[in-house]
Amino acid sequence: MDYKNAGVDIEAGYQSVELMKKYVKETMRPEVLGGIGGFSGAFSLEKIKDMEKPTLVSGTDGVGTKLKLAFLMDQHDTVGIDCVAMCVNDIACAGGEPLFFLDYIACGKNEPDRIATIVKGVAEGCKQCGAALIGGETAEHPGLMPEDEYDLAGFAVGLVDEKDLITGADLQAGDVLVGIASSGVHSNGFSLIRKVFEMTKESLNTYYDTLGKTLGEALLTPTIIYVNALKRIRESGVVVKACSHITGGGFYENVPRMLHDGVHAVIHKDSYEVPAIFKLLQEKGNIDEHVMYNTYNMGVGMIVAVDPSNVDRAMEAIRAAGETCYVIGEIRDGEKGVTIC
């Protein structure tokens, strides 16, 4: 009896590391110290000398049951982008610049090519936001997980000068809410999606004219990483007063997180076109509109609040980052919360 007979293939682990190294190297930043494969990742904080009060911000998250679609479609090169996005978008919400990222993959059986493909996606996400992939772990769990399945999670650390933290403290009535478009469902609400649509290859490969692609292609579209859009706004001289990443819990849970007591957010549903995937989901599942806005991003993945005088500059900066944006609402005096009308 040996470890391989017990279900853990150490050699496959070595092969996975070798296959993923080329993708990891593409994410390196000058601050990364040492090579790939050590017991920990080292990252120089030399640049904090240029800040008054350097502050670390962090985020951790996973991809959730969206992975079930990746298994069915045998497509594993985009979920890593989702994993990075879910972490670094939260850091960007605080005004932070993502510095480095670590991933964790738990699998029933280590298939080196598949693991390398997953990490390829993680590396692509890191490149999109400028973070270095400085470490990670692939854990083989025979008997605990099915051989053909895996889970994926990540952890990111960013940096911001304390004076530049986005806290929402200065938010006031009259401030304008600018929504930055999502690419679709992103990485939340897939447990409900899997109840609405039949989870078979045939169903996922069904082409919908309204979507302009197959259902599977629409649902697996990776989450947008908003780091560059937020950075462009900052570089334009616009102060983002408050920011909300629209993830699990949709508008009703996430928008209030950007507010302080005494202010109320009002969002106008007709201010932008809700993407077809949400309309299809709502129709097929006979889902109440409130549930939709309480579960999904409905086409808006990030919301920033700015002074009315800065709206045009903020939107110009967002577009310069390659993203689509809309004026979707405003801040009013009132009880902390959000009204969607």
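Check the entry above for the structure.
Residues numbered from 1 in each chain as written. Predicted model: local features only at pLDDT ≥ 70, side-chain atom pairs only at ≥ 80, totals over all residues. Heavy atoms only, no water.

Pairing of strand S7 (residues 176-181) with strand S13 (residues 325-333), which is carried by five bridges, proceeds in the antiparallel orientation. Looking across to S13, one finds that Val 176 is bridged to Glu 330. Taken together, the five bridges between strand S11 (residues 263-267) and S13 define a ladder with antiparallel strand orientation. Considered in S13, the bridge of Val 266 is made with Glu 330. (Pairing = 2+ DSSP bridges. Helix = DSSP H or I, 4+ residues; strand = E, 2+ residues; numbered from the N terminus.)

Right, let's get into the packing of aromatic side chains. Within the structure shown, the criterion is met by five aromatic pairs. Considering the side-chain rings of Phe 71 and Tyr 150, the 4.9 Å spacing of their centres and the 75 degrees angle between planes classify their relative orientation as edge-to-face. On the criterion of sequence distance, the pair formed by Phe 71 in helix H2 (residues 67-73) and Tyr 150 in strand S6 (residues 150-161) is long-range, its members being 79 residues apart. A single burial state applies to Phe 71 and to Tyr 150, both of which are buried. (Phe/Tyr/Trp six-rings, centres within 6.5 Å; stacked < 30°, edge-to-face > 60°. Buried < 20%, exposed > 50% of the residue type's maximum accessible area, 1.4 Å probe, protein only.)

Counted under the stated rule, the structure contains 15 salt bridges. Across the pair Arg 29 and Glu 31 runs a salt bridge, and its minimum N-O distance is 2.9 Å. The exposure class assigned to Arg 29 is buried, which follows from its relative accessible area of 15%. Overall, Glu 31 belongs to the buried group, its relative accessible area being 15%. The partner of Glu 289 in a salt bridge is Lys 269, and the shortest N-O contact between them spans 2.8 Å. Note that Glu 289 is positioned in helix H11 (residues 289-293) and Lys 269 in the loop between S11 and helix H10 (276-285), a separation of 20 residues in sequence. By relative accessible area, which is 38% here, Glu 289 ends up partly exposed. A single salt-bridge network, built from bridges that share partners, covers Arg 29, Glu 31, Lys 47 and Glu 97. (Salt bridge = Lys/Arg side-chain N within 4 Å of Asp/Glu carboxyl O.)

Turning our eyes to something else, we now look at unusual backbone geometry. Within the chain, His 186 stands out as a residue other than glycine whose phi angle is a positive 65 degrees. Locating His 186 in the fold gives a position in the loop between S7 and helix H5 (190-196). Residue Met 298 is not a glycine yet carries a positive backbone phi of 55 degrees. Assignment of secondary structure puts Met 298 in the loop between H11 and strand S12 (300-306).

Hydrogen bonding along the main chain pairs the strands of a sheet, whether they run parallel or antiparallel. Read from one edge to the other, the open sheet built from six strands follows the order S10-S12-S7-S13-S11-S14, with strand pairing classed as mixed. Strand pairing shows two members of the sheet lacking a second neighbour, strand S10 (242-245) and strand S14 (337-340), which therefore form its edges. Ignoring which end each strand starts from, the neighbouring axes of this sheet average 25 degrees apart. Bridging between S7 and S12 involves six bridges; their strand directions are antiparallel. Its bridge partner lying in S12, Gly 179 is registered against Ile 303. Most of the contacts of helix H3 (residues 79-93) go to S10, to which it runs at about 170 degrees, and overall it touches S10 and S12. Helix H8 (residues 227-235) contacts S7, S10 and S12 of the sheet and is inclined by roughly 15 degrees relative to S12. (Axes fitted to C-alpha atoms, helices over the stretch in contact; angles between N-to-C directions. Contact = heavy atoms within 4.5 Å.)

Within the sequence span of H8, burial applies to Val 227, Ala 229, Leu 230 and Ile 233. Downstream of H8 by a residue or two, Gly 237 has a phi angle that is positive, lying close to 95 degrees.

Counting residues in each nonpolar core, the largest one holds 56 residues, and the members touching the most others are Phe 101, Tyr 150, Val 178 and Leu 230. Not counting residues within four places of it along the chain, the set of residues in contact with Leu 230 comprises Ala 92, Ile 180, Val 240, Cys 243, Met 302 and Val 304. Among the nonpolar cores identified, the runner-up in size contains 45 residues, and Leu 171, Phe 251, Val 255 and Ile 303 belong to it. (Core = buried A, V, L, I, M, F, W, Y, C linked by side-chain atoms within 4.5 Å.)

Glancing now at the packing of H3 against helix H4 (residues 112-129). Running from N to C, H3 and H4 point in directions that differ by 40 degrees, and their axes come no closer than 6 Å. Judged by the angle between their axes, H3 and H4 are oblique. With respect to the hand of their crossing, H3 and H4 are arranged in right-handed fashion. Contacts between H3 and H4 pair Gly 80, Ile 81, Val 84 and Val 88 from the former with Ile 118, Gly 121, Val 122, Glu 124, Gly 125, Cys 126, Gln 128 and Cys 129 from the latter. For the contact of H3 with H4, a count of residues per class yields seven nonpolar, four polar and one charged. (Parallel < 35°, antiparallel > 145°, perpendicular 65-115°, else oblique. Left-handed = near helix turned anticlockwise from the far one by under 90°. Nonpolar A, V, L, I, M, F, W, Y, C, P; charged D, E, K, R; others polar.)

Attention shifts here to H10. Listed as buried for H10 are Ile 277, Phe 278, Leu 280 and Leu 281. Viewed along the axis of H10, the buried residues span an arc of 160 degrees, placing them on a single side of the element. Buried residues belonging to H10 abut H5, strand S8 (207-208), helix H7 (215-220) and H11. Looking one or two residues past H10, Asn 286 carries a phi angle of roughly 50 degrees, positive in sign. (Arc of directions from axis to C-beta.)

Overall, mixed pairing links the four strands, which are arranged S3-S6-S4-S5 in an open sheet. The sheet is open, and its two edges are formed by strand S3 (54-62) and strand S5 (132-140), each paired on a single side. On average, each strand axis in the sheet is tilted by 15 degrees relative to the strand beside it, whichever way the strands run. Judged from the eight bridges that link them, strand S4 (residues 97-107) and S5 form a sheet pairing that is parallel. Looking across to S5, one finds that Phe 101 is bridged to Leu 133. Here H3 sits on the sheet and contacts S3, S4 and S6; the angle it forms with S6, its principal contact strand, is near 30 degrees. H4 contacts S4, S5 and S6 of the sheet and is inclined by roughly 165 degrees relative to S4.

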